[in-house]
Number of protein chains: 2
Amino acid sequence: MSEGREGGPLVILAGAGRLPALLADELTRRGRSHRILAFRGFAERDVCRRADVVMDLLDVGRALTTMRDWGAAAVTLAGAVSRPSPAAALGAFAYFRNRHELDDILSRGDDHLLRGVVERLEARGFPVVGVRDIAPTLLAREGAYGRVRPDLEDQTSIAVGLELLRDLSPHDVGQATVVAAGRVTAIEGPEGTDRMLDRARRFSIRRPFGRPVVRAGVLVKAAKRGQDMRVDLPTIGPRTVENAARAGLQGIAIGAGSTLVLDEARAIEIADRLGLYLVGVPWPLERILA
Amino acid sequence: MSEGREGGPLVILAGAGRLPALLADELTRRGRSHRILAFRGFAERDVCRRADVVMDLLDVGRALTTMRDWGAAAVTLAGAVSRPSPAAALGAFAYFRNRHELDDILSRGDDHLLRGVVERLEARGFPVVGVRDIAPTLLAREGAYGRVRPDLEDQTSIAVGLELLRDLSPHDVGQATVVAAGRVTAIEGPEGTDRMLDRARRFSIRRPFGRPVVRAGVLVKAAKRGQDMRVDLPTIGPRTVENAARAGLQGIAIGAGSTLVLDEARAIEIADRLGLYLVGVPWPLERILA
């Protein structure tokens, strides 16, 4: 039944963002043979240029045929895909058991869509692998990344944020929160980190009586308990650092081992320049207590 | 030490919103003698008109003297007060132990400010009472308020929301959430319910493939565990119903016994007209399981 062939190339299914390119670079560095199958309208232009093939997100038949032709050993999903339009879904009709199955997937969130894709790929014999398996250096490590360190107040805020994320974990929402002076000022829903940072802004800038304005707060981001490490990992990068600074925060804390750090060098450079800290913290929390 | 006198009037410290007026109406109906001390810039115009005295929020000295003159039996805090400006804080200087104490209160959230006020009032001998003590009919009861009932999908969503709020409860944030089709689409931070509803909107309107647009989702709102029932109760009213409808929701579920329902009759009328349900649910959750 399995169509994944040992020794065959690893296929990157490329959605939006920097991850597909960074992953391809890392695989090249390691001398691991790979192919890029980019999704039109999602993958960035330079990814499409490097791609072996560019196709519609829901052209499932062609994707499977292509992977079989390549003798793919395994496949990895890289980069965000938002919900396809009903028109795009139409083309994928034949590849789902029935209309109800497709409808069920499309009427829910991206997570669901991605998990549906993973299940179907594996059912068709292609092992789905994640960043941890093929490019673990892209995942956050423990410790400070740049020159700045969180002060005592922010260390407290980080702990508050991690405890909140731990308790939110079973609810399949909220991989990020903002905490300022020990007080939670925003919890991420499906709107994403950037929008959450936008609204945290007005709570991060404190005006203590008789003293200058103080910027405060930290973005805390970590994977859910039971997170499928092959899809939709929490991610930060240079843009996250810029947005955190714009939101008046002092820094960013990320769960080590399960958060993607895109363009690490540039993220550190920006953090140092803007005076933000960027730290990897042990995650899940039990690791701190053990 | 106690300055609260039995038989003396109950003093309503009136901030923003409808609660002070509704409370005064209810006390009048019960024949309970009361006085209104309204805060300038916060209390609504009609409340200021009815008030026995209108003063600055932080004119603590005058407030205490006035309550002593009235021989107040107890005091209740009604309606929101946002953070006073540093200039306003200046006037209150003398009434706090020291600058640090005042600074500490002002640099945190409203909750903290209100809790600080309660502590100081009680320390000066005025018992602080809550809505549950003086006008329990303003609190949510169990069961459906209007004509509409939640369907099975929404009953699931309500349960999902209540479980989330239970787990968030120790974190002193989030008295409300929006759940659509069993999926959490927004969690309230200090931005408040109305802003949360705004951002929930785009997740509440589903477009299932080949079928008409479906509105989905419920606003679930309930008190924190350990909530001080004398300040800052979760509150809904006619405006909440209108905003929930605008956000594409099907209804509202509130924790019975600890959520304020302002202008109940008008809230029900609007809910019925817009086709939303409004239900009080047992809270805390242990009450359901017991």
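Report on the accompanying structure. (Residues numbered from 1 in each chain as written. Chains lettered and ligands numbered in written order. Predicted model: local features only at pLDDT ≥ 70, side-chain atom pairs only at ≥ 80, totals over all residues. Heavy atoms only, no water.)

Some details on the overall build of chain A
Inclusion rule: Each helix is a run of H or I in the DSSP string that is no shorter than four residues. Each strand is a run of E no shorter than two, and both are numbered from the N terminus. Think of it in three bands: residues with accessible area under 20% of the maximum for their type are buried, residues over 50% are exposed, and the middle band is partly exposed, with areas taken using a 1.4 Å probe on protein chains only. Here, residues are in contact when the closest pair of their heavy atoms is within 4.5 Å. A 1.4 Å probe and the Shrake-Rupley method give the accessible areas. Residues count as covered only by the protein chains that appear here.
Scanning chain A from N- to C-terminus turns up 12 helices and 14 strands. Counting the 290 residues in chain A, one finds 56% classified as buried. A separation of at least 24 residues holds for 73% of the contacts in chain A among residues at least 6 apart in sequence. Roughly 12800 Å² of accessible area belongs to chain A as shown, and the carbon and sulfur atoms make up 50% of that amount.

Concerning the pairing of strand β7 (residues 183-187) of chain A
Residues and elements named next belong to chain A. Using the following cut-off: A pair of strands is treated as paired once DSSP finds two or more bridges between them.
Counting buried positions along β7 yields four of five residues, so the element is predominantly enclosed. One ladder, built from four bridges, connects strand β6 (residues 176-180) with β7; its direction is antiparallel. Bridging from a neighbouring strand, Val179 pairs with Val184 of β7. Linking β6 to β7, which pair antiparallel, is a turn of two residues; within it Ala181 sits at a positive phi near 50°.

Overview of the packing of aromatic side chains
To keep things clear, this is the line we draw: Working definition: a ring pair exists when centres of Phe, Tyr or Trp rings (six-membered ring for Trp) sit within 6.5 Å. Plane angles under 30 degrees give stacked, over 60 give edge-to-face, the rest tilted. We count a charge as sitting over a ring when the NZ of a lysine or the CZ of an arginine lies within 6 Å of the ring centre and within 35 degrees of the ring normal.
Enumeration according to the criterion identifies zero aromatic pairs over all chains in this entry. A cation over an aromatic ring shows up here: Arg141 of chain A above the ring of Tyr145 of chain A, its NZ or CZ 4.2 Å from the ring centre.

A word on unusual backbone geometry
Residue and element names in this part refer to chain A. The omega torsion across Trp283 and Pro284 is 0°, close enough to zero to call that bond cis. For Ala181, which is not glycine, the phi dihedral falls at a positive 50°. On the secondary structure map, Ala181 appears in the loop between β6 and β7. Taking relative accessible area as the criterion, Ala181 reaches 19% and is therefore assigned buried. A positive phi angle, close to 50°, is found at Asp263, a residue other than glycine.

A closer look at the pairing of strand β2 (residues 34-39) of chain B
All names here are of chain B. Inclusion rule: The path from the first strand over the helix to the second decides the hand: if it runs clockwise while the strands point away from the viewer, the crossover is right-handed.
Judged from the five bridges that link them, strand β1 (residues 10-14) and β2 form a sheet pairing that is parallel. Considered in β2, the bridge of Leu10 is made with His34. Of the crossover connections in this fold, the one passing from β1 over helix α1 (residues 19-29) to the parallel β2 is right-handed. The pairing of β2 with strand β3 (residues 53-55) spans three bridges and is classified as parallel. Bridged to Ala38 within β3 is Val54. For the segment spanning β2, helix α2 (residues 45-50) and β3, crossover handedness is right-handed.

Looking at the sheet that holds strand β7 (residues 183-187) of chain B
Taken together, the six strands give an open sheet; going across it, the order is β5-β14-β12-β10-β6-β7 (chain B), and neighbouring strands pair in mixed fashion. Two strands bound the open sheet, and with one partner strand each, they are β5 (143-144) and β7 of chain B.

Some details on the environment of Arg239 of chain B
Residue and element names in this part refer to chain B. So the rule is basically this: Whenever a nitrogen or oxygen atom comes within 3.5 Å of another N or O atom, the pair is scored as a polar contact, on the condition that within protein one atom can donate a hydrogen and the other can accept it, and that pairs from neighbouring residues in sequence are kept only if both atoms are in side chains.
Structurally, the position occupied by Arg239 is in helix α10 (residues 238-246). Considered as a pair, Arg239 and Ala267 are 28 residues apart in the sequence and their alpha carbons are 7.8 Å apart. Within polar-contact distance, the side chain of Arg239 engages the side chain of Asp194 at 2.9 Å.

Digging into the nonpolar core
Here is the rule: As used in this record, nonpolar core signifies buried Ala, Val, Leu, Ile, Met, Phe, Trp, Tyr and Cys residues forming a set joined through side-chain atoms within 4.5 Å.
One finds Ile158, Leu168 and Ile187 of chain A together with Ile158, Leu168 and Ile187 of chain B to be the most contacted residues of the largest nonpolar core, which totals 38 residues. Secondary structure elements with two or more residues in this core: α8 (152-168), β7, β10 (218-221) and β14 (277-281) of chain A together with α8 (152-168), β7, β10 (218-221) and β14 (277-281) of chain B. Beyond its immediate sequence surroundings of up to four residues, Ile158 of chain B is in contact with Pro150, Val218, Val220, Ala253, Tyr277, Val279 and Val281 of chain B.

Details of the sheet that holds β1 of chain B
All names here are of chain B. Rules: Lines fitted to C-alpha atoms define the axes, with helix axes restricted to the stretch in contact, and inter-axis angles between N-to-C directions lie between 0 and 180 degrees.
With parallel pairing, the four strands of this open sheet are ordered in space as β3-β2-β1-β4. Here the strands that pair on one side only, and so sit at the sheet edges, are β3 and β4 (74-78). Neighbour to neighbour, the strand axes of the sheet diverge by 25° on average, direction disregarded. Relative to β1, α1 is tilted by about 165°, and along the sheet it contacts β1, β2 and β4. Strands β1, β2, β3 and β4 of the sheet are contacted by helix α3 (residues 60-70), whose axis makes an angle of about 165° with β3.

Observations regarding the environment of Gly192 of chain A
Residues and elements named next belong to chain A. As for its position among the elements, Gly192 is in the loop between β7 and α9 (193-204). What makes Gly192 buried here is its relative accessible area of 18%. Remark: the alpha-carbon pair of Gly192 and Ala176, spanning 16 residues in sequence, is separated by 8.6 Å.

Details of the side chain of Asp272 of chain B
Residue and element names in this part refer to chain B. Inspection of the secondary structure puts Asp272 in helix α11 (residues 264-274). Accessibility expressed as a relative area gives 17% for Asp272, which makes it buried. Beyond its immediate stretch of four places on either side in the chain, Asp272 contacts Gly146, Arg147 and Val148.

Quick notes on the pattern of salt bridges
The condition is simple: Take a side-chain nitrogen of Lys or Arg and a carboxyl oxygen of Asp or Glu: if they are within 4 Å of each other, that pair is a salt bridge.
Within this structure, the stated rule accounts for 24 salt bridges over all chains. With a closest N to O distance of 3.0 Å, Arg166 of chain B and Asp167 of chain B form a salt bridge. Looking at Arg166 of chain B, the relative accessible area reads 26%, which means it is partly exposed. The class of Asp167 of chain B is partly exposed, set by a relative accessible area of 22%. Here Glu191 of chain B ties to Arg199 of chain B by a salt bridge, and the two come within 2.9 Å at their closest N and O atoms. For the pair shown, Glu191 of chain B and Arg199 of chain B are each scored as buried. Overlapping salt bridges, with partners in common, bring together Arg18, Glu44 and Asp263 of chain A in one network.

A word on the packing of α10 of chain B against α11 of chain B
Between two packed helices, both the angle of their axes relative to each other and the distance between the axes serve to describe the pair. All names here are of chain B. Under the convention used in this document: Convention used here: angles under 35 degrees read as roughly parallel, angles over 145 as roughly antiparallel, angles from 65 to 115 as roughly perpendicular, and any remaining angle as oblique. For any helix crossing, the convention is left-handed if the near helix is rotated counterclockwise from the far helix by under a right angle, and right-handed if that rotation is clockwise.
Contact geometry of α10 with α11 gives a least axis separation of 8 Å together with a crossing angle of 20°. Looking at the two axes, α10 sits roughly parallel to α11. With respect to the hand of their crossing, α10 and α11 are arranged in right-handed fashion. Across the interface between the two elements, Pro238, Val241, Glu242 and Ala245 from α10 touch Arg266, Ala267, Ile270, Ala271 and Leu274 from α11.

Considering the side chain of Glu188 of chain B
Residue and element names in this part refer to chain B. To be explicit about the condition: For this count, His and the chain ends are skipped, Lys and Arg are scored as positive, and Asp and Glu as negative.
Here Glu188 shows up in the loop between β7 and α9 (193-204). For Glu188, which is buried and forms no salt bridge, the nearest opposite charge comes from Lys221, at a distance of 4.8 Å. Engagement of the side chain of Glu188 in a polar contact is seen with the side chain of Thr193, the distance being 2.7 Å. Once residues within four sequence positions are removed from consideration, Glu188 is found in contact with Val173, Gly174, Ala176, Thr193, Met196 and Arg199.

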